[in-house]
Amino acid sequence: MTEATDEPIDPQARGPEAVARAFANQVAYCRDNQAPITASVCEGLRALLDGERGGAAMRRVRKWAGPPLADALPLRVAGGLHALQLAGAEPALRPIYEGLAPTDAAGRIADALERHEAFLLPWLDGPPQTNEAGRSWGFAAAMLWLASKGLPPRFALHELGSSAGINLMMDRYRFDLGGVTAGPEDAALQLAPEWRGDRPPRGSFEIVAARGCDVAPVDLTDPEQALRLKAYIWPEFTSRFARMDAAVALAGAAPPHIAKCGAADFLEEVLAEPKQPGVTRMLMHSVVWQYVQPEERARIEALMAEAGARASKEAPLAWVSLEADRDTHRHELAVRYWPGGEQWQNLATAHPHGAWVEWTG
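Residues numbered from 1 in each chain as written. Predicted model: local features only at pLDDT ≥ 70, side-chain atom pairs only at ≥ 80, totals over all residues. Heavy atoms only, no water.

Some remarks on the packing of helix H2 (residues 36–48) against helix H4 (residues 73–87)
Two elements in contact, H2 and H4, have axes separated by 10 Å at closest approach and are oriented at 115°. The orientation of H2 relative to H4 falls into the category roughly perpendicular. As H2 packs across H4, the resulting crossing turns out to be right-handed. Along the contact surface, H2 presents Val41, Cys42 and Leu45, while H4 presents Pro74, Val77, Ala78 and Leu81. Counted by class, the contact of H2 with H4 contains seven nonpolar, no polar and no charged residues. (Axes fitted to C-alpha atoms, helices over the stretch in contact; angles between N-to-C directions. Helix = DSSP H or I, 4+ residues; strand = E, 2+ residues; numbered from the N terminus. Parallel < 35°, antiparallel > 145°, perpendicular 65-115°, else oblique. Left-handed = near helix turned anticlockwise from the far one by under 90°. Contact = heavy atoms within 4.5 Å. Nonpolar A, V, L, I, M, F, W, Y, C, P; charged D, E, K, R; others polar.)

What follows is the structure, encoded as structure tokens:
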């Protein structure tokens, strides 16, 4: 079995060794981010790679044709197993999810995989939907930073890979970013990550429009789809379930605008629309870039470069990225803007779900 090493990880690697490496990396990623239960589940799955247990799901995992790390293969299986636990359909998994770390965890997981093949196999068909309100701190902090650079503090948000559109509702959230606040004081969803380092710039911003895209949007007003989204939440972080419930309620009152289409097609459409003087157009995404194919990434980069060349101080363009670094097991907030800030600048490093933030901008 391939062990975790200190070598840089190739997210596009394929084959049995890459599958084993993906599970080893996910175990380390979870442990480094205070998620021992999810680490135990992924460790149990990893232990099954060398044997024949686990039925059709594990046979498909062992022969995975795509890049398992970029495809987030371990979290696809873990999401399905967590869904079984949430539904109470597999009592034998309960000790694992209660953090008891049973010595026969791999066997319990194998039994569940074999007993629930029909339910679990579809979880392998698409990437995890890890929409998380706690990550919207990054977009709020980025808007404060961009405003401090002289960009108009009125923003039109365009999100790639919106999933359920939780970030698109952030105009209804309250943020406390190391003592720098933004958003309505009486917001139902209050976000205050542990702040390390300097504070972001003080100021204010207004979100004048927000829409996004996803190849498979999640409808938070559908209880089954909302439950599926909850299954991707790491069970250790109970506060995330509360945030999800708050987001479900907000979507019920006024759902976000999400187009069912690819990222580059969506971006091409919004960039072709007339620019509004006094409004900063902001492309944003979180934990999405790894799922975008290289050719589509290149198209997105070309579209942004072309639009950036046409941007002006009165109608600027910004790009905000909050993505995972699989080598450091942290998330990186990076920003670039046109005109005047064409090079990427890293502003912060953070916990994957926004529990803490270390500001470097």
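Okay, back to it.
So, the packing of aromatic side chains
Scanning the model with the defined rule gives 10 aromatic pairs in all. Among the aromatic residues, those joined into a ring-pair cluster are Tyr29, Trp234 and Phe237. The cationic tip of Arg196 hangs over the ring face of Trp356; the distance from NZ or CZ to the ring centre is 4.3 Å. Sitting over the ring of Trp123, Arg228 keeps its end group 4.0 Å from the ring centre. (Phe/Tyr/Trp six-rings, centres within 6.5 Å; stacked < 30°, edge-to-face > 60°. Lys NZ or Arg CZ within 6 Å of the ring centre and 35° of its normal.)

What to know about the layout of surface pockets
Of the pockets and cavities examined, the largest pocket occupies roughly 680 Å³. Lining the largest pocket are 34 residues; nearest its centre among them are Pro127, Gln129, Asp214, Val215 and Ala216. For the lining of the largest pocket, the elements supplying multiple residues, two or more each, are strand E6 (206–214) and helix H9 (223–231). Per element, the largest residue contribution to the lining of the largest pocket is three residues, and it comes from H9. Of the residues belonging to the lining of the largest pocket, the class tally is 14 nonpolar, 11 polar and nine charged. Reported here for the second largest pocket is a volume of approximately 270 Å³. Together, 13 residues line the second largest pocket, and Pro11, Gln290, Ala324, Asp325 and Arg326 are the ones closest to its centre. A per-element tally of the lining of the second largest pocket places strand E9 (residues 317–325) first, with three residues. Tallied by class, residues from the lining of the second largest pocket come to six nonpolar, two polar and five charged. (1 Å grid on protein atoms, 1.4 Å probe; cavity = no way out; pocket = protein on both sides within 12 Å on 5 of 7 lines; lining within 4 Å. Points joined across faces, edges and corners; volume = space filled by probe spheres on them.)

Some details on the pattern of salt bridges
For the structure on display, the rule yields 15 salt bridges. Of the charged contacts in the structure, one is a salt bridge between Arg243 and Glu132, with a shortest N-O distance of 2.7 Å. Of this pair, Arg243 sits in helix H10 (residues 238–253) while Glu132 sits in the loop between helix H7 (117–120) and helix H8 (137–148), and the two are 111 residues apart along the sequence. By relative accessible area, which is 16% here, Arg243 ends up buried. (Salt bridge = Lys/Arg side-chain N within 4 Å of Asp/Glu carboxyl O. Buried < 20%, exposed > 50% of the residue type's maximum accessible area, 1.4 Å probe, protein only.)

Description of the environment of Ala307
Examined against the element boundaries, Ala307 turns out to sit in helix H12 (residues 294–310). Taking the C-alpha atoms as reference, Ala307 lies 33 Å from Ala13; in sequence the two are 294 residues apart. For Ala307, the contacting residues outside a window of four places in its chain are Leu271 and Leu317.

Side note on empty space enclosed by the protein
As enumerated under the stated definition, the model contains four cavities of 30 Å³ or more in all. Taken as a whole, the largest cavity encloses approximately 320 Å³ of empty space. If you list the elements that add at least two residues to the lining of the largest cavity, you get helix H1 (16–32), H2 and H4. Its residues assigned to classes, the lining of the largest cavity comprises 21 nonpolar, eight polar and three charged.

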